[in-house]
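Reading the structure
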Amino acid sequence: MQITPEVDRKTRILEAVVELLAEHGYAGATFARIVETAQLSSTRLITYHYDTKQELVAAALRHIGERAQQFMVPAIEAEASARGKLAAYLRSNFRFLGERPAYARAAVEIARNLPRETADADLREDVPVVLLAQLFVSGQESGELRRFDPVVMAVTVRAAVDAAVERFARGDGMDLASYAEELCAIFDRAVTVDTTPGDLGEVLS
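Examining helix 10 (residues 176-191)
If you check helix 10, its first and last C-alpha atoms are 22 Å apart, about what 16 residues at 1.5 Å a residue would give, namely 22 Å. Here helix 10 has its buried residues at Leu 176, Ala 180, Leu 183, Cys 184, Phe 187 and Val 191. Here the buried residues of helix 10 occupy an arc of 110° about the axis, which is enough to place them on one side. Set apart from the buried face of helix 10 by more than 90 degrees, the exposed residues are Glu 182 and Arg 189. Elements that come into contact with the buried residues of helix 10 comprise helix 5 (82-99), helix 8 (127-142) and helix 9 (150-169). The backbone nitrogen of Ala 177 has a side-chain oxygen 3.3 Å away, supplied by the residue at the start of helix 10, namely Asp 175.

Okay, here's the thing in C-alpha cells:
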C-alpha cells in the first residue's frame with residue numbers, strides 16, 4: 001500500500017510501522033521515522049492511538065493478519081470441500097507472501113521482539129488456528145476427513161506456515177509456489193481418510 005495523506009491515519013501509521021520494521025528492524029522503527037514515513041505532523045498523532053511501542057507493534061501484527069485474511073478468504077470460500085479449502089488456505093497464504101514480502105519480514109521482526117506475555121495472548125486469540133480447527137471439524141463430520149485432533153492439526157499447519165515465513169523473511173530464495181505445493185501434498189495426506197487396513201483414522205475413531 002502506498003502511504004498517502006488520503007489514507008486513514010491509523011492505517012498510515014500501521015503501514016509505516018510495517019515498512020520500517022521490514023527495512024530497519026524493531027529498534028529502527030522509531031516514532032520519529034514513523035512520523036516521517038506516515039506523513040504525520042507530530043508523534044502525538046501516534047500516541048493518541050497507541051500509548052507504547054509495544055502496543056503499536058502488536059496492532060501492526062493484527063493489521064498484517066487482517067490484510068492476509070482479506071487476500072486469502074475469497075480463494076478459500078471459492079472451494080466447496082474441506083480438502084480444497086485447506087489447499088486454498090496454503091496456496092493463498094504463500095501468494096500473499098510473494099506479493100507482500102515486507103509483511104513477512106515485519107511479522108517475523110515483531111514475533112522476535114514482543115514480550116512473551118503478549119505473544120501468549122496472541123496465541124490464545126490465533127484466529128487462523130480457530131478457523132482451521134473449525135474447518136477440520138466440519139470435514140470430519142461430513143466424512144471427508146479422517147478422525148484426528150482438529151486443534152493439534154490446525155496448530156501444526158500454522159507452525160509449518162510460520163516456519164516458511166521466517167525462512168522467507170531471511171531471504172533464503174524460496175520458490176514459494178513449490179513450497180506451497182509440498183505443504184498441500186503433506187497435509188492433504190495427513191487429513192484424508194485412508195481406506196487401507198490399519199488406517200490411523202479408524203484407530204482414533
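Topic: the packing of aromatic side chains
Each aromatic ring pair is summarised here by two numbers: the centre-to-centre distance and the angle between the ring planes. Tallied over the full model, the rule gives four aromatic pairs. When the ring of Phe 94 is compared with that of Tyr 179, the centres are 5.6 Å apart and the planes differ by 25°; the resulting orientation is stacked. Of this pair, Phe 94 sits in helix 5 while Tyr 179 sits in helix 10, placing them 85 residues apart in sequence. Classification of Phe 94 as buried rests on a relative accessible area of 3%. Aromatic ring contacts, followed pair by pair, group Phe 71, Phe 96 and Tyr 103 into a single cluster. Looking at Lys 53, its charged tip hangs above the ring of Tyr 26, at a distance of 4.2 Å from the centre.

Description of helix 6 (residues 101-113)
Between its terminal C-alpha atoms helix 6 stretches 19 Å, which fits the 18 Å expected from 13 residues at 1.5 Å a residue. Against helix 1 (9-28), helix 4 (53-77), helix 5 and helix 9 lie the buried residues of helix 6.

Brief notes about the layout of surface pockets
The calculated volume of the largest pocket comes to roughly 1400 Å³. Forming the walls of the largest pocket are 43 residues, and the residues nearest its centre are Gly 65, Asp 126, Pro 128, Arg 158 and Asp 162. Of all elements in the fold, only helix 4, helix 5, helix 6, helix 7 (116-124), helix 8 and helix 9 reach the threshold of two or more residues within the lining of the largest pocket. At eleven residues, helix 4 tops the list of elements feeding residues into the lining of the largest pocket. Along the lines of polarity and charge, the residues of the lining of the largest pocket split into 28 nonpolar, four polar and eleven charged.

Reading the values: rules and limits
- In this convention, every chain numbers its residues from 1, walking through the sequence in written order.
- It should be noted that, the model being predicted, local features are given only for residues of pLDDT at least 70 and side-chain atom pairs only at 80 or more, the latter also being counted only at that level, while totals for whole chains, interfaces and linings use all residues.
- Side-chain metrics rest on all non-hydrogen atoms present in the structure, leaving aside hydrogens and water.
- Only DSSP runs of H or I with at least four residues qualify as helices, and only runs of E with at least two residues qualify as strands; both kinds are numbered from the N terminus onward.
- Here the expected length of a helix is defined as 1.5 Å per residue gap, with one fewer gap than residues.
- Working definition: with a 1.4 Å probe on protein chains only, accessible area under 20% of the residue-type maximum means buried, over 50% means exposed, and in between means partly exposed.
- Each C-beta atom gives one direction from the helix axis, and the arc is the one those directions make.
- Contacts are assigned to residue pairs that have any heavy atoms within 4.5 Å of one another.
- For the purposes of these results, a polar contact is taken to be a pair of N or O atoms within 3.5 Å, where, inside protein, one atom must be able to donate a hydrogen and its partner to accept one; residues adjacent in sequence count only when each atom of the pair is a side-chain atom.
- Classification of ring pairs uses Phe, Tyr and Trp, with its six-membered ring standing for Trp, and accepts pairs whose centres are within 6.5 Å; under 30 degrees between planes counts as stacked, over 60 as edge-to-face, and the remaining range as tilted.
- Either the NZ atom of lysine or the CZ atom of arginine qualifies as a charge over a ring when it sits within 6 Å of the ring centre and within 35 degrees of the ring normal.
- Two kinds of site are reported from a 1 Å grid over the protein atoms alone, namely cavities, where a 1.4 Å probe fits but cannot get out, and pockets, open sets with protein on both sides within 12 Å along at least five of seven lines, and residues are called lining when an atom falls within 4 Å of a point.
- Grid points are joined across faces, edges and corners, and a volume is the space filled by probe spheres set on the points.
- Residue classes follow a fixed rule: Ala, Val, Leu, Ile, Met, Phe, Trp, Tyr, Cys and Pro count as nonpolar, while Asp, Glu, Lys and Arg count as charged, and any other residue, Gly among them, counts as polar.

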